[in-house]
Amino acid sequence: MLEIKDLTVHYDGAMALNRVSLKVEEGEFVGVVGPNGSGKTTLLRAISGVLMEIEPGKKERPSLSGSIMFNGKGIDKSKAWNITKMGVIHCPERRRPFAEMTTLDNLRMGAYLRKNRSEIKKDLEWVYELFPILKERARQMSQTLSGGEQQMLAIGRALMSKPKLLLIDEPSLGLAPLLKEAVLKVIKEIWRSGVTILLVEQDVAITLASAQRIYILAHGRIATQGTKEELMKSRDVREIYLGL
Amino acid sequence: MVTTYIRRAYSSFVAHVFDIPARLLAFLLFLTLLFIPFAIQNTYYLRILILANVLAIFAVSWDFLVGRTGQISLGHAIFFGIGGYITALLSSSKFFGLPIFLTIPIAILAACIIALALGIPSLRVKGPYLALVTMSFPLILAALLKWYPLNHIFKGEFGIRGLPALVPRLDWMTIGQQRVGEYYVTLILLFAASVILYKIANSKIGLVFVSILDDELASKACGINVTKYKLMGFMISGLFGALAGCIQTHLLRFANPPMFALTLSFLPVIVTFLGGLGTIYGPIVGAYIYYILDSYVLRDWLPRFLKETVGVTLPPEFDFAKLLIFTLIVLILVIKLPRGIAKFTTDKLGDLEEARDLDERGPRIWKTYKKKEKTTSTGSEPTASS
C-alpha cells in the first residue's frame, strides 16, 4: 500500500532522514520507534505532504528526495490536501485539536472532504462508540478537554476523514500509563476494522505489544526492522535500541 | 393559513431573539437605528450617522478578515480606495458616465480580483510581516495616483469630482429628505453586508477559517487547501471593503488620494477594537461610538461646553489632539476591556442568561417545559446538561 524508497530529508542543511526505505502492506499495523530527534515526525510529515508546507514562503524549505508511493502512485510531489483526499490521514503530534471549536465541530472538520452525509453520520456514531467520552464533550470547547480526551479527539478527527492509511504521531505523548494503554487499545480496534495503520511512537513497550511489524529509526536511518519476536531475538537490538 | 404562518414567525422570533438577551438588545438597537431619522431633524447629525454606517461596513469587512481568518491587514484602505476610484472613473460624466447601479458592482468585482492579485504575494508572509506588506499597498497606489503623467486621468491631489450622488436629489426633495434617503440606503447595505458576513462566518466555510486560524498544520492534515481559503477570505473582505469605498465616493461625490491614506487603514482597527474583534456586530457598535465621539462630542459638544462654562475657545490645533484621545481610548480598552465594548456587553448578558432557571425563560420554552411536566407529571427538577 505504502512504499517509501530512499527518502532523504534535509532541514536547512541538517539531515533529518537518511535514505529511509519502508513498506506498509494493506491491512497491516506497522510501528516505527526511535528516540528523540531520530526523524519519526519528519517521516510522517513527508508522507502526508505537510512537510513542504510547514513554513510557506520561507527561503529555507526542507528539501526532499527519494520516492513515496501510495497504491502505486507517487505522492512525494503532491499537495497535502490531495494526499488527504487519497485516504492517507495524518493525526499530528501534540494532538493539535482546533482549540476555538467545540468537539463536535472538530470532528466535523475531519469530514471536511467528504460529501455523503449519511456516511459521515455513521462514522460519527462509530467515533462516539470508540470514544464515548467525546459524545459527552460534544458541545464543549476542545481547549478545555484533558490531554487524553484531546488525543482521542485527534484520532477521532482523523477517523472522520475515512482513512485508508492512518498515520498516528506519538499518541502516548504526555499521557498516563493507563490512558496510553486505553488509546492503544482503541487504535488496535480501528486497525481490526480494516484501516491500515502506521504508528510512530517513542514508547517501545506499547508499540511492541500492538504492532505487527516494527521499524527502528535511529539518527534518520532505519536501523533494523522485523516482528516483535525477530527483534527480541537479537541481543544488540534489544539492548541498544529497545532498552529491554 | 396566514395565521399559522404568523404564529410560526412569532414563535421563532421568541425562540431566536426574544429569549436571548444579547439578541434582544441587538434587535432593539436595530429598531432604534431604523427610526432615528424621525427623531433627528438636523442634517449634520444625520450625516454623521450616514458616515458611521459606511465606516461600519468597512470595519465589518476588516473584522471578518482579521478576526475570522486571522490575517492581519493594516492596508485595508486599498480596497476602499480602489472601489471608490473605479466607480468614480466609470460614473464620471467626463469619462464613461455609466449609472451608479452598474458601476458599483463592477468596482466591487474589480476590487475582488485585485484582492486576489494582492493576496497571492502577501500570503507568503505571516503575522506582523503580513501587516507591514499590506500597509505598503495603499501608499504605493496613492503615490501612483498623484504621479504627474497620470494627472489627466486621476487629477492628482484634487481627485475626481462632480460624481453622481448615491441618492439623487429630485425636484421635490429637500436636503433633509435626501439625507434620510441616504441614511436608509446605507443602513440597508450595512445590514445586508453584516448579515452576509455573519452567515459566512457561521457556515462551514467559517468553520474552515477558524480551523486555519487555530492550527494550520492540523487543517492541512484534514485535507483543507489552506491557500485557497486564505485567498477566499481576502477576496470576501475586499469585496465589502470596496463596497464601503463605493458608497462613500457617491455620498461625498468625489474620490481623492486620501482615500488610500494611513488614517483610513487604521480607522477600522480602532473601531473594531472599540466594539470587539471577530464578532461582526462589534465594529458596527464601534463605528457609531467612534463617529459620535469624533463628530459630535469632540467637534461639537466639547468646544460649546467649554465656551459656555469656562469661556475657553479651543484652538484649531485641537483636531490633532483628537487622534491622541482616540489612541488613549484604544490603549485603555485593550488593557481593561480587551474583548471590546460590544463583546463585553454580550458576554455579560450571556452569563445572565445561563444564570436564569429554565422556568424563568421566555414564553415558548417556558410553555413547552410546562407541557412536558404535565404529561410526564414526575415533577423532577430540570438538570442542566453541561
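This text goes with the structure placed above it.
Keep in mind that this is a model prediction, so the values were computed, not measured. (Residues numbered from 1 in each chain as written. Chains lettered and ligands numbered in written order. Predicted model: local features only at pLDDT ≥ 70, side-chain atom pairs only at ≥ 80, totals over all residues. Heavy atoms only, no water.)

### Digging into the overall build of chain B
Inference 1: Counting secondary structure elements, chain B contains 16 helices and two strands.
Inference 2: Radius of gyration (C-alpha) of chain B: 24 Å, near the 21 Å computed for a compact globule of 386 residues.
Inference 3: Across its three principal axes, chain B shows a C-alpha extent of roughly 85 × 60 × 50 Å.
Inference 4: With 386 residues in all, chain B has 46% of them scored as buried.
Inference 5: Within chain B, residue pairs in contact and separated by at least 24 positions form 75% of the contacts whose partners lie at least 6 positions apart.
Inference 6: Here chain B displays about 19900 Å² of accessible surface, and carbon together with sulfur accounts for 70% of that area.
Inference 7: The distance from the centre of the 35 positive side-chain charges to the centre of the 22 negative ones in chain B is 8 Å. (Helix = DSSP H or I, 4+ residues; strand = E, 2+ residues; numbered from the N terminus. Rg over C-alpha atoms; globule rule 2.2 N^0.38 Å. Buried < 20%, exposed > 50% of the residue type's maximum accessible area, 1.4 Å probe, protein only. Contact = heavy atoms within 4.5 Å. Areas by Shrake-Rupley, 256 points an atom, 1.4 Å probe, with all protein chains shown as cover. Lys, Arg positive; Asp, Glu negative; His and termini not counted. Charge placed at Lys NZ, Arg CZ, Asp CG, Glu CD.)

### A closer look at unusual backbone geometry
Only a minority of non-glycine residues have a phi that is not negative, and only a minority of peptide bonds are not trans.
Inference 1: Residue A:Lys162 is not a glycine yet carries a positive backbone phi of 55°.
Inference 2: Topologically, A:Lys162 is positioned in the loop between helix H6 (147-160) and strand S7 (165-169).
Inference 3: One non-glycine residue, B:Arg253, adopts positive backbone phi at about 65°.
Inference 4: Under the relative-accessibility criterion, B:Arg253 is labelled partly exposed at 43%.

### What about the packing of helix H8 (residues 175-201) of chain B against helix H11 (residues 226-252) of chain B?
Residue and element names in this part refer to chain B.
Inference 1: Where H8 meets H11, the axes come as close as 11 Å, and the angle between the chain directions of the two elements is 175°. Judged by the inter-axis angle, H8 sits roughly antiparallel to H11. Touching Glu 182, Thr 186, Leu 189, Ala 193, Ile 196, Leu 197 and Ile 200 of H8 are Ile 236, Phe 240, Ile 247 and Leu 251, all from H11.
Inference 2: Taken together, the residues of the contact of H8 with H11 break down into nine nonpolar, one polar and one charged. (Axes fitted to C-alpha atoms, helices over the stretch in contact; angles between N-to-C directions. Parallel < 35°, antiparallel > 145°, perpendicular 65-115°, else oblique. Nonpolar A, V, L, I, M, F, W, Y, C, P; charged D, E, K, R; others polar.)

### What to know about the pairing of strand S9 (residues 213-218) of chain A
Residue and element names in this part refer to chain A.
Inference 1: Within S9, six of the six residues are buried, which leaves the element mostly enclosed by the surrounding structure.
Inference 2: Burial along S9 is two-sided: the residues Arg 213, Tyr 215 and Leu 217 and Ile 214, Ile 216 and Ala 218 are all buried.
Inference 3: Pairing of S9 with strand S10 (residues 221-226), which is carried by five bridges, proceeds in the antiparallel orientation. Its bridge partner lying in S10, Ala 218 is registered against Arg 221.
Inference 4: Following S9, the chain reverses through two residues before pairing antiparallel with S10; His 219 in that reversal takes a positive phi of roughly 50°. (Pairing = 2+ DSSP bridges.)

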